[in-house]
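The chain contents come next:
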Amino acid sequence: MEIVIIIFMFAGGINFAMHHHALRGKIAGYWHSEEFRLYLGLMLSAILLLTALNLQAGSLRTDPRLPARRRLPGGGHSDHQRP
């Protein structure tokens, strides 16, 4: 469900005139637009930066059912949540 929301949010950030041209069969117009290329570049840069920061902080989990890891004072991690 989240991926559908992300796709529509991304599409909503694009100039609607470009969507109109794409619906008329001129899909290459997206890539020819400097505005779209800048928007795409900013989105990809933000995604990469935030992912790197989250990986560095250790806050990304591969399985949401696993408990969150907490940083310990010595720099280690604890896989147990406090009650």
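Structure: see above.
This one's a predicted model, so the numbers in the text were calculated from it and none came from an experiment.

Conventions used here
- Per chain, residue numbering runs from 1 following the sequence as it is written.
- Reporting of local features is limited, given that this is a predicted model, to residues whose pLDDT is at least 70; pairs of side-chain atoms are given and counted only at 80 or more, and all residues count toward the totals for whole chains, interfaces and linings.
- Where side-chain values are given, they derive from all heavy atoms of the structure, hydrogens and water being excluded.
- Helix and strand assignments come from DSSP, with helices taken as H or I runs of at least 4 residues and strands as E runs of at least 2, each series counted from the N terminus.
- Exposure categories follow from relative accessible area, calculated using a 1.4 Å probe and restricted to protein chains: below 20% of the type maximum is buried, above 50% is exposed, and the middle band is partly exposed.
- Any pair of residues with heavy atoms lying within 4.5 Å of one another is described as a contacting pair.
- Reported accessibility uses the Shrake-Rupley method at a 1.4 Å probe radius. Residues are deemed covered only where the shown protein chains occlude them.
- Take the buried residues of types Ala, Val, Leu, Ile, Met, Phe, Trp, Tyr and Cys, join any two whose side-chain atoms come within 4.5 Å, and each joined set is a nonpolar core.
- Note on ring pairs: Phe, Tyr and Trp rings are taken, using the six-membered ring of Trp, and paired if centres are within 6.5 Å. Classes follow the plane angle, with under 30 degrees stacked, over 60 edge-to-face and the rest tilted.

**Q** Residues and numbers for the overall build of the chain, please.
**A** Secondary structure assignment for the chain yields four helices and two strands. Ordered by position in the sequence, the α and β elements of the chain form the string α-α-α-α-β-β. For the chain, with 83 residues in total, the buried portion stands at 11%. Contacts spanning at least 24 positions in sequence make up 16% of the contacts within the chain whose residues lie at least 6 apart. When the accessible area of the chain is evaluated, it comes to approximately 7300 Å², of which 66% is carbon and sulfur surface.

**Q** With reference to specific residues and values, describe the nonpolar core.
**A** Grouped together as the largest cluster of nonpolar side chains are six residues: I14, M18, A22, Y30, F36 and Y39. At the level of elements, α2 (16-23) and α4 (34-57) are the ones that each hand at least two residues to this core. The residues touching Y30, leaving out its near neighbours within four places in the chain, are I14, M18, H19, A22 and F36.

**Q** Please set out the packing of aromatic side chains residue by residue, giving values where relevant.
**A** On inspection of all chains with the given rule, the structure shows three aromatic pairs. For the pair F10 and F36, a centre-to-centre distance of 6.4 Å together with 75° between the ring planes defines the contact as edge-to-face. Within this pair, whereas F10 is found in helix α1 (residues 2-12), its partner F36 is found in helix α4, the two being separated by 26 residues in sequence.

**Q** So what's going on with the side chain of H19? Residues and values would help.
**A** Tracing the sequence through the fold places H19 in helix α2. Exposure remark for H19: the relative accessible area of 17% places this residue in the buried category. Once residues lying within four places of it in the same chain are set aside, the contact partners of H19 are A11, I14 and Y30.

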